[in-house]
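Descriptive structure summary
Read off the chains here:
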Amino acid sequence: MINRTMYERLYQSIKKHLSTHNEFNPIVTKQPKGTKFPKVVVNLLTNTNTVKDSNGFISHSFVGIEINVYAKSLYLNGERISEMKIAEIIADDCSFVCEDIYDMKRAGYDPTPNIDEDIYRITLRYTATQDDKRNVFF
């Protein structure tokens, strides 16, 4: 059984945290559509079953999450804020949710080249082991 419950919870937690704690109010989505920035795209990279007993009582999966933060420079209170600074602040907030709330392990935090040089992009990757029966990371 593929269990996407924790991915959905994480997605909703990132969306809620950014809407209440981030001054740039990024759009949080699962697909990189649209032209409004900043944007945070949350994807499930892998959901691989690693442990399963023959009785069906235990099922653990290795889960990988990728978060792409896209930002353009903007003016806030008359001051220009660079796309790099905006992306870093948003990435830090995403990191707080993944690491401090969900106790996931960071597998990567990389600036990623983008074809549009006006857009700065950071890619974050997180991993965790999920108990498929209890819907928790550990």
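Quantities reported herein were computed from a predicted structural model and do not represent experimental measurements.

Our next topic: helix H1 (residues 5–21). In a regular helix each residue adds 1.5 Å, so 17 residues correspond to 24 Å; H1 covers 24 Å between its end C-alpha atoms and thus fits that length. Among all positions in H1, only Met6, Tyr7, Leu10, Tyr11, Ile14, His17 and Leu18 are buried. Seen along its axis, H1 keeps its buried residues to an arc of 140°; they face one direction. Those residues of H1 that are exposed and aimed more than 90 degrees away from the buried face are Lys16 and Thr20. Buried positions along H1 lie against strand E1 (27–29), strand E2 (39–52), strand E3 (59–71), helix H2 (83–101), strand E7 (120–131) and strand E8 (136–137).

Attention shifts here to the confidence of the model for the protein chain. When pLDDT is averaged along the protein chain, the result is 93, and 99% of the positions lie at 70 or above. Between the elements of the protein chain, mean pLDDT differs from a low of 88, seen in E8, to a high of 98, seen in E1.

Next up on the list: a nonpolar patch on the surface. Nonpolar side chains collect at one region of the surface, where Val51, Phe57 and Ile58 lie side by side and expose about 290 Å² of accessible area between them. Structurally, Val51 is set in strand E2.

A separate point is the pattern of salt bridges. Between side chains of opposite charge, a pair can form as their charged atoms come close. Using the criterion set out here, one finds 6 salt bridges in the structure. Among the ionic pairs, Arg80 bridges to Glu83, the shortest N-O distance being 3.6 Å. Put simply, Glu99 and Arg106 hold a salt bridge, and the shortest N to O gap is 2.5 Å. The class of Arg106 is partly exposed, set by a relative accessible area of 49%. Residues joined in a network through salt bridges with shared partners are Glu66, Asp110 and Arg125.

Okay, the packing of aromatic side chains next. Taken as a whole and assessed by the stated rule, the structure comprises 1 aromatic pair. Consider the rings of Tyr102 and Phe137, whose centres lie 6.2 Å apart with planes at 70°: the pair is edge-to-face. Here Tyr102 is found in the loop between H2 and strand E6 (105–111), whereas its partner Phe137 is found in strand E8, with 35 residues between them in sequence. There is no split in this pair, since Tyr102 and Phe137 are both buried. Above the ring of Tyr11, the side-chain terminus of Lys30 is found at 4.8 Å from the ring centroid. Sitting over the face of the ring of Phe37, Lys39 holds its NZ or CZ atom 5.2 Å from the ring centroid.

Attention shifts here to the environment of Asn47. In this fold, Asn47 is placed in strand E2. Sequence-wise, Asn47 and Thr5 are 42 residues apart; in three dimensions their C-alpha atoms are separated by 11 Å. Residue contacts for Asn47: discarding those within four places in its chain leaves Ile2, Asn3, Arg4, Ser61, Phe62, Val63 and Gln130. Of the polar contacts made by the side chain of Asn47, one reaches the backbone oxygen of Asn3; its length is 2.9 Å.

Reading the values: the criteria
- Residues numbered from 1 in each chain as written.
- Predicted model: local features only at pLDDT ≥ 70, side-chain atom pairs only at ≥ 80, totals over all residues.
- Heavy atoms only, no water.
- Helix = DSSP H or I, 4+ residues; strand = E, 2+ residues; numbered from the N terminus.
- Expected span 1.5 Å × (residues − 1).
- Buried < 20%, exposed > 50% of the residue type's maximum accessible area, 1.4 Å probe, protein only.
- Arc of directions from axis to C-beta.
- Contact = heavy atoms within 4.5 Å.
- pLDDT = per-residue confidence, 0-100.
- Patch = residues over 30% accessible without salt bridge, like charges linked within 9 Å, V, L, I, M, F, W, Y side chains within 5 Å.
- Areas by Shrake-Rupley, 256 points an atom, 1.4 Å probe, with all protein chains shown as cover.
- Salt bridge = Lys/Arg side-chain N within 4 Å of Asp/Glu carboxyl O.
- Phe/Tyr/Trp six-rings, centres within 6.5 Å; stacked < 30°, edge-to-face > 60°.
- Lys NZ or Arg CZ within 6 Å of the ring centre and 35° of its normal.
- Polar contact = N/O pair within 3.5 Å; in protein donor to acceptor, adjacent residues only side chain to side chain.

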